[in-house]
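Examination of the molecular architecture
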Amino acid sequence: TQLLEQSPQFLSIQEGENLTVYCNSSSVFSSLQWYRQEPGEGPVLLVTVVTGGEVKKLKRLTFQFGDARKDSSLHITAAQPGDTGLYLCAGVTSNTGKLIFGQGTTLQVKP
Amino acid sequence: KAGVTQTPRYLIKTRGQQVTLSCSPISGHRSVSWYQQTPGQGLQFLFEYFSETQRNKGNFPGRFSGRQFSNSRSEMNVSTLELGDSALYLCASSLDHRGTAYEQYFGPGTRLTVT
């Protein structure tokens, strides 16, 4: 079974702190996506990374794809309450072409 | 462009009943996928349709079925509802299931409660 493991599962921090969420697998991915989901809504695509070692920045969010394309990280600088939500990583496996989702990281940023 | 729409947004059903959920994808998107999301299991893939054909299927019992119409709109049906079917059902559309990206654009979901 191909799995995408996210860590941590839950994170509660104060406004202004930095944090990193990890997404790891033993499988190789042709691409990897990060989504954010707010309560009562569907996930919203934040970014797609396709090249090993790729780094993408979206304002205070930095996304990195591992060199071997088996892992990814999301780093948030100076977190704000508006960053609160469920963060999901999802990868397209190189061998099957299927999209699989991680279990998600619930982030709470307290003012 | 209008986003993915799902109807109804909320639904309460009784055990043993059946339910049909509807999804309209983003214009031009031919791939529609359905997911079940629960606090305990996270986001679980149900099935994917592309050009009216089921291309992929997750590990759900046969009570869960779906279809896609020629205009790419999709429906999913759950028969003989069980309490454990209570969940947020999400529909997502994509330009094409092939290729490296396969980016999903999600609707707001249908919250199903089975009593």
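Residues numbered from 1 in each chain as written. Chains lettered and ligands numbered in written order. Predicted model: local features only at pLDDT ≥ 70, side-chain atom pairs only at ≥ 80, totals over all residues. Heavy atoms only, no water.

**Focus: the environment of Phe50 of chain B**
For Phe50 of chain B, the position within the fold is in strand β5 (residues 42–50). Judged by its relative accessible area of 6%, Phe50 of chain B falls in the buried class. (Helix = DSSP H or I, 4+ residues; strand = E, 2+ residues; numbered from the N terminus. Buried < 20%, exposed > 50% of the residue type's maximum accessible area, 1.4 Å probe, protein only.)

**Remarks on the sheet that holds strand β3 (residues 19–24) of chain A**
Residues and elements named next belong to chain A. Ordered in space as β1-β3-β8-β7-β6, the five strands form an open sheet in which the pairing is antiparallel. In this open sheet, the two edge strands, each paired with only one partner strand, are β1 (5–7) and β6 (55–58). With direction set aside, neighbouring strand axes in the sheet form an average angle of 15 degrees. Where strand β7 (residues 61–65) and strand β8 (residues 71–76) come together, five bridges link them in antiparallel fashion. When the sheet's bridge partners are listed, Phe65 is paired in β8 with Ser72. (Pairing = 2+ DSSP bridges. Axes fitted to C-alpha atoms, helices over the stretch in contact; angles between N-to-C directions.)

**Some details on the pairing of β8 of chain A**
All names here are of chain A. Pairing geometry for β3 and β8, over six bridges, is antiparallel. Each bridged residue has a counterpart across the sheet, and for Asn24 the counterpart in β8 is Asp71. Once β7 ends, the chain turns through five residues before running back antiparallel as β8, passing Arg69 with a positive phi of about 60 degrees.

**Structural notes on the pattern of salt bridges**
Residue and element names in this part refer to chain A. Considering all chains together, one arrives at six salt bridges over all chains under this definition. Between Asp83 and Arg60 there is a salt bridge, and its shortest N-O distance comes to 2.9 Å. Note that Asp83 is positioned in the loop between β8 and β9 (85–93) and Arg60 in the loop between β6 and β7, a separation of 23 residues in sequence. Among the residues examined, Arg60 registers a relative accessible area of 24% and is labelled partly exposed. (Salt bridge = Lys/Arg side-chain N within 4 Å of Asp/Glu carboxyl O.)

**Re the packing of aromatic side chains**
Throughout the structure, instances matching the rule amount to nine aromatic pairs over all chains. Centroid distance Tyr35 of chain A to Phe101 of chain A: 5.6 Å. Interplanar angle 40 degrees. Geometry classified as tilted. With Tyr35 of chain A in strand β4 (residues 29–37) and Phe101 of chain A in strand β10 (residues 99–101), the pair connects residues that are 66 residues apart, well separated along the chain. Taken as a pair, Tyr35 of chain A and Phe101 of chain A share a single burial class, namely buried. Measuring from centroid to centroid gives 5.8 Å for Tyr35 of chain B and Phe45 of chain B, while their planes differ by 65 degrees, and the two rings are edge-to-face. Here the residue Tyr35 of chain B occupies a position in strand β4 (residues 31–38), and Phe45 of chain B occupies one in strand β5, the gap between them amounting to 10 residues. On the basis of relative accessibility, which here comes to 2%, the residue Tyr35 of chain B falls in the buried class. One aromatic cluster is present, built from ring pairs that chain together Tyr35 and Phe101 of chain A together with Tyr35, Phe45 and Phe106 of chain B. (Phe/Tyr/Trp six-rings, centres within 6.5 Å; stacked < 30°, edge-to-face > 60°.)

**Some details on the interface of chain A and chain B**
Across the contact, 20 residues belong to chain A and 19 residues belong to chain B. Between chain A and chain B lies a buried interface of about 1500 Å² when both sides are counted; carbon and sulfur atoms form 52% of it. In this assembly, chain A and chain B are joined by zero salt bridges. Between chain A and chain B we count four residue pairs in polar contact (both at pLDDT 80 or more) in total. Elements with a contribution of two residues or more to the side of chain A that touches chain B: β4, β5 (44–49), β9 and β10 of chain A. For the side of chain A that touches chain B, the element with the highest residue contribution is β4 of chain A, accounting for five residues. The residue inventory of the side of chain A that touches chain B, partitioned by class, reads nine nonpolar, nine polar and two charged. (Contact = heavy atoms within 4.5 Å. Buried area = accessible area lost by both parts, 1.4 Å probe. Polar contact = N/O pair within 3.5 Å; in protein donor to acceptor, adjacent residues only side chain to side chain. Nonpolar A, V, L, I, M, F, W, Y, C, P; charged D, E, K, R; others polar.)

Keep in mind that these numbers describe shape and distance, not what the molecule does.
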